[in-house]
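Coordinates in review
These are the residues of each chain, in order.
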Amino acid sequence: MVDMDKKLVAKGVRRVFDDAEKGALLALHDFDLEAEHGEIVALIGPSGCGKSTFLRLVAGLDKAQGGTITYGGEEIKGPSYDRGFVFQETNLYPWLTVEKNIAFGLKARGVYKQQKDRVQQMIDLMGLTGFEKSYPHQISGGMAARVAIAQTFVQDPGIILLDEPLSALDAFTRAIIQDEILKMRDRFKPIILMVTHDIEEAVYMADRVIVLTPRPGTNAGEVKIDMPHPRDRISPEFIDLRHQIMDMLEFD
Amino acid sequence: MSSKDVIREELHKEEERLFIKEKEPIIERASLRDALKMLVPFAGMAISAIEFVSLPQVHPLPVQYHAETWLPTLGVCAVVYALFYVFSLFVRPLRQKVAHFSWLIFAFFCFFTLQDFLTLRTGTLKLPFIPSPDKIVHELIANWDTIAMDAVSSMTTLFSGLVIGISMGIVSGIACGCVRLVDYWINPLLKIIGPVPALIWMPIFFVVFHSSNAAALAAVFLASWFPLTLMISSAIKNIDKGLIERAETLGASKFYIILHVMLPNSIPHIANALFMALSHSFGAMSATELCGATSGLMFRIQYTRVMANYGEVFAIIGVMIVIFATLTAIMFAFRNWLLRWQKGLARW
């Protein structure tokens, strides 16, 4: 079970990329963030502002050159199943069926036998029933995105990092999966950090929206969203929040 | 149910309709058209039999020769095919194959009819260099024990070479792909020695191993080890990083990633490498048997050719064709099974 009191704290995070042509490229500079369990925090900002870089740092796939990122007081050193990552490209393992893709992490950690039921539970929860034995090439993009999300949630990680996993989907499927992610949040109460380009998506799903400046990315402001779920996308309040964030994104 | 649930239901049904195919029955009676089409090979056999019985033999040189094995051979073929025919009438997958090949089988017998006509009946193709089909079958039956022994000898060399070469190829391929130090030492070796046919090392192998069989084994090993190492290591080096990072964030260890991500990801390349390994090692094996071996099918061909027994030469060539084609077919069946998850796999 996940310890609900743990917090994700990032302070003064800095990441520089070495580029052969342009020299050092400062992607993220003095970036702070704090997040609690049960919270969805959306990161929004212009392209190349280091949003995805930050997610990769939290996941432990990349190392920061400055600042600290801690979860429950412990510094993040490398990847762990406790910080699940749903990637933008839903490249599932093509040689595994839907069911086995979802069970991948449990098997890798050697806990599949004890937690076998969770796989079927997740399949039912994400509306994948009937597709257990299908291979990734046999299912649609929307289904694949669901499998990728289930693959992460089935492990019950403390932190879930969503790097625009829905950006390639049509608006229809997208709306449905947004609701499914909210449902999963209510059930498992992880910390969810999501990167998105879509302001509507951020306002619809997140409890807080953190706006980043253009490169080097740093905190430009934060918008709290206190609307109850399910949110009405055309209510004046909703549209007002969208405008508010839009204004914050106009950098010059 | 809310409207969203309704939409979701609809989407789900649509997906099921699109992606889950209905299974076709295995047992199903043949249509008249298929039943007739599958009779065509019998016509081929009949043509061959009629030609064989009705046309007179030109005087066979240099010795009087009684052609007496072709009719029984045709009889056996007819019985075997009749069995296939009866089963095909009811078993759908088998029927698809048999119906597909029926004209080819017909042509196969027509070819032998033509061969018989040009040799035994007209003497256009000179005996003993081009024997009649009857003579070939006759020699096959008369010498089946030595041919079988040579086949076993060849296959033993081939399989031991392949097993060692393939298993070491997989290990060194993975090692080259994952460990930079191993790659540093083995990669140049692959680049320099790899493209060279295994055969040119034969003189050295003969000297080093003092035995032609060991030399043949070494040649087969080299012919199969090289493509596997090369293909696997390049597949691992070029793997989509996303697949590995995904596994890392799901809690997989390095070792688990090698076995469950890198290795399956290189299976399409392994399948191609296996095909290369197999065809190269056929060549390597045959060539080593030609120079200095004392057993093996290729040795036997050389031997019988010197003895001017061309009937047996052709019989052994036939046996080699059957063996190599069967092995290749098994290899491809294995490949198709390995790659059952791949989209739009080009079937062989």
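Focus: the overall build of chain B
Looking only at helices and strands, chain B has 15 helices and 0 strands in total. The globule rule puts the C-alpha radius of gyration for 348 residues at 20 Å, and the 27 Å found for chain B is more than 25% above it. Oriented by its inertia axes, the alpha-carbon framework of chain B measures out at about 85 × 70 × 30 Å. Counting across all 348 residues of chain B, residues that qualify as buried make up 43%.

Description of a nonpolar patch on the surface
Residue and element names in this part refer to chain B. Nonpolar side chains collect at one region of the surface, where Val-179, Leu-181, Tyr-184 and Trp-185 lie side by side and expose about 510 Å² of accessible area between them. By secondary structure assignment, the location of Leu-181 is in helix 8 (residues 180-193). When its relative accessible area of 60% is taken as the criterion, Leu-181 is described as exposed.

Points about the nonpolar core
Among the nonpolar cores identified, the biggest contains 53 residues, and Ile102(A) and Val209(A) are the most heavily contacted of them. The element best represented in this core is helix 4 (residues 141-153) of chain A, accounting for 8 residues. Apart from the residues within four sequence positions on either side, Ile102(A) is in contact with Val119(A), Ile123(A), Leu128(A), Val147(A), Ala150(A), Gln151(A) and Val154(A). Formed by 51 residues, the second largest nonpolar core is a distinct cluster that contains Ala151(B), Met262(B), Ile267(B) and Ile301(B).

Notes on the domain arrangement of chain B
When its domains are assigned, chain B resolves into domain 1 (32-130) and domain 2 (144-338). A straight line from the C-alpha centre of domain 1 of chain B to that of domain 2 of chain B covers 36 Å.

Regarding the interface of chain B and chain A
In this assembly, 29 residues from chain B lie in contact with 44 residues from chain A. Taken together, the two surfaces of chain B and chain A that pack against each other cover about 3200 Å², and 60% of this comes from carbon and sulfur. Contact with chain A buries area across many residues of chain B, yet Arg246(B), Leu250(B) and Trp341(B) alone supply 25% of it, more than any other trio. Taken together, the connections running from chain B to chain A amount to 1 salt bridge. The residue Glu245(B) makes a salt bridge to Arg56(A) at a minimum N-O spacing of 2.6 Å. Along the contact surface separating chain B from chain A lie 10 residue pairs in polar contact (both at pLDDT 80 or more).

Some details on the sheet that holds strand 1 (residues 8-19) of chain A
Residue and element names in this part refer to chain A. The strand order 2-1-4-5 describes an open sheet built from 4 strands, whose pairing is antiparallel. In the strand order of this sheet, the two ends are held by strand 2 (23-35) and strand 5 (74-75), each with one partner. Both strand 1 and strand 4 (residues 66-71) contribute to a ladder of 5 bridges, which runs antiparallel. Pairing of Val-9 across the sheet is with Thr-70, part of strand 4. Across the face of the sheet, helix 1 (residues 51-59) comes into contact with strand 1, strand 2 and strand 4 while running at roughly 115° to strand 1.

What about the packing of helix 3 (residues 40-54) of chain B against helix 4 (residues 70-88) of chain B?
Residues and elements named next belong to chain B. Contact geometry for helix 3 and helix 4: axes closest at 10 Å, N-to-C directions at 165°. In this view, helix 3 runs roughly antiparallel relative to helix 4, as classed from their interaxial angle. The way helix 3 lies across helix 4 gives a crossing that is left-handed. Mapping the contact onto sequence places Pro-41, Phe-42, Met-45, Ser-48, Ala-49, Phe-52 and Val-53 in helix 3 and Trp-70, Leu-71, Leu-74, Cys-77, Ala-78, Tyr-81, Ala-82 and Tyr-85 in helix 4. Partitioning the contact of helix 3 with helix 4 into residue classes produces 14 nonpolar, 1 polar and no charged.

As for the confidence of the model for chain B
Mean pLDDT over chain B works out to 87, with 91% of the residues at or above the 70 mark. The element-level mean pLDDT for chain B is lowest in helix 1 (residues 3-19) of chain B, coming to 67, with helix 4 of chain B highest at 94.

Things to note about the sheet that holds strand 9 (residues 208-212) of chain A
Sheet strands line up and pair through hydrogen bonds in the backbone, either parallel or antiparallel. All names here are of chain A. The strand order across the open sheet formed by 6 strands is 6-7-8-3-9-10, and the pairing between neighbours is mixed. If you trace the sheet from one side to the other, it starts and ends with strand 6 (83-86) and strand 10 (219-224), each paired once. Looking at each pair of strands side by side, their axes are set apart by 20° on average, direction ignored. With 5 bridges joining them, strand 7 (residues 159-163) and strand 8 (residues 191-195) adopt parallel strand pairing. Among the inter-strand pairings, Leu-161 is bridged to a residue of strand 8, identified as Leu-193. Running over the sheet, helix 1 touches strand 3 (40-44), strand 6, strand 7, strand 8 and strand 9 and is turned about 150° from strand 7. On the sheet, helix 4 packs against strand 6, strand 7 and strand 8 and is oriented at approximately 175° with respect to strand 6.

Description of helix 4 of chain A
Residue and element names in this part refer to chain A. For helix 4, spanning 13 residues, the distance from its first C-alpha to its last is 18 Å, which sits close to the expected 18 Å at 1.5 Å a residue. When you tally the buried positions in helix 4, you get 12 out of 13 residues, the bulk of the element. Of the positions making up helix 4, those classed as buried are Gly-142, Met-143, Ala-144, Ala-145, Arg-146, Val-147, Ala-148, Ile-149, Ala-150, Gln-151, Thr-152 and Phe-153.

Topic: the pattern of salt bridges
Pairs may arise between side chains of opposite charge once their charged atoms sit close together. Per the counting criterion, the structure on display carries 20 salt bridges over all chains. Arg174(A) serves as the salt-bridge partner of Asp198(A), at 3.0 Å between the closest nitrogen and oxygen. Taken together, the residues span a long stretch of sequence, with Asp198(A) in the loop between strand 8 and helix 6 (199-205) and Arg174(A) in helix 5 (residues 171-188) at a distance of 24 residues. Judged by its relative accessible area of 25%, Asp198(A) falls in the partly exposed class. Looking at Arg174(A), the relative accessible area reads 16%, which means it is buried. One salt bridge connects Arg95(B) with Asp34(B), and the closest N-O pair in it is separated by 3.9 Å. Remark: Asp34(B) occurs in helix 2 (residues 32-37) and Arg95(B) occurs in helix 5 (residues 92-121); sequence separation between them is 61 residues. When its relative accessible area of 22% is taken as the criterion, Asp34(B) is described as partly exposed.

Some words on the packing of aromatic side chains
In the structure shown here, the tally under the stated rule is 22 aromatic pairs over all chains. For the pair Phe205(B) and Phe209(B), a centre-to-centre distance of 5.8 Å together with 50° between the ring planes defines the contact as tilted. You can see Phe205(B) and its partner Phe209(B) sitting in helix 9 (residues 202-209), 4 residues apart, about one turn around the helix. What links up through ring pairs into an aromatic cluster is the set Tyr93(A), Trp95(A), Phe104(A), Tyr256(B) and Trp341(B). The lysine or arginine in question, Arg109(A), covers the ring of Tyr81(A), its NZ or CZ lying 3.5 Å from the ring centre. Positioned above the aromatic ring of Trp337(B) is the side chain of Arg340(B), whose terminal nitrogen or guanidinium carbon lies 4.6 Å from the ring centre.

Criteria and cut-off values
- Residues numbered from 1 in each chain as written.
- Chains lettered and ligands numbered in written order.
- Predicted model: local features only at pLDDT ≥ 70, side-chain atom pairs only at ≥ 80, totals over all residues.
- Heavy atoms only, no water.
- Helix = DSSP H or I, 4+ residues; strand = E, 2+ residues; numbered from the N terminus.
- Rg over C-alpha atoms; globule rule 2.2 N^0.38 Å.
- Buried < 20%, exposed > 50% of the residue type's maximum accessible area, 1.4 Å probe, protein only.
- Patch = residues over 30% accessible without salt bridge, like charges linked within 9 Å, V, L, I, M, F, W, Y side chains within 5 Å.
- Areas by Shrake-Rupley, 256 points an atom, 1.4 Å probe, with all protein chains shown as cover.
- Salt bridge = Lys/Arg side-chain N within 4 Å of Asp/Glu carboxyl O.
- Core = buried A, V, L, I, M, F, W, Y, C linked by side-chain atoms within 4.5 Å.
- Contact = heavy atoms within 4.5 Å.
- Domains from an automatic or database assignment.
- Buried area = accessible area lost by both parts, 1.4 Å probe.
- Polar contact = N/O pair within 3.5 Å; in protein donor to acceptor, adjacent residues only side chain to side chain.
- Pairing = 2+ DSSP bridges.
- Axes fitted to C-alpha atoms, helices over the stretch in contact; angles between N-to-C directions.
- Parallel < 35°, antiparallel > 145°, perpendicular 65-115°, else oblique.
- Left-handed = near helix turned anticlockwise from the far one by under 90°.
- Nonpolar A, V, L, I, M, F, W, Y, C, P; charged D, E, K, R; others polar.
- pLDDT = per-residue confidence, 0-100.
- Expected span 1.5 Å × (residues − 1).
- Phe/Tyr/Trp six-rings, centres within 6.5 Å; stacked < 30°, edge-to-face > 60°.
- Lys NZ or Arg CZ within 6 Å of the ring centre and 35° of its normal.

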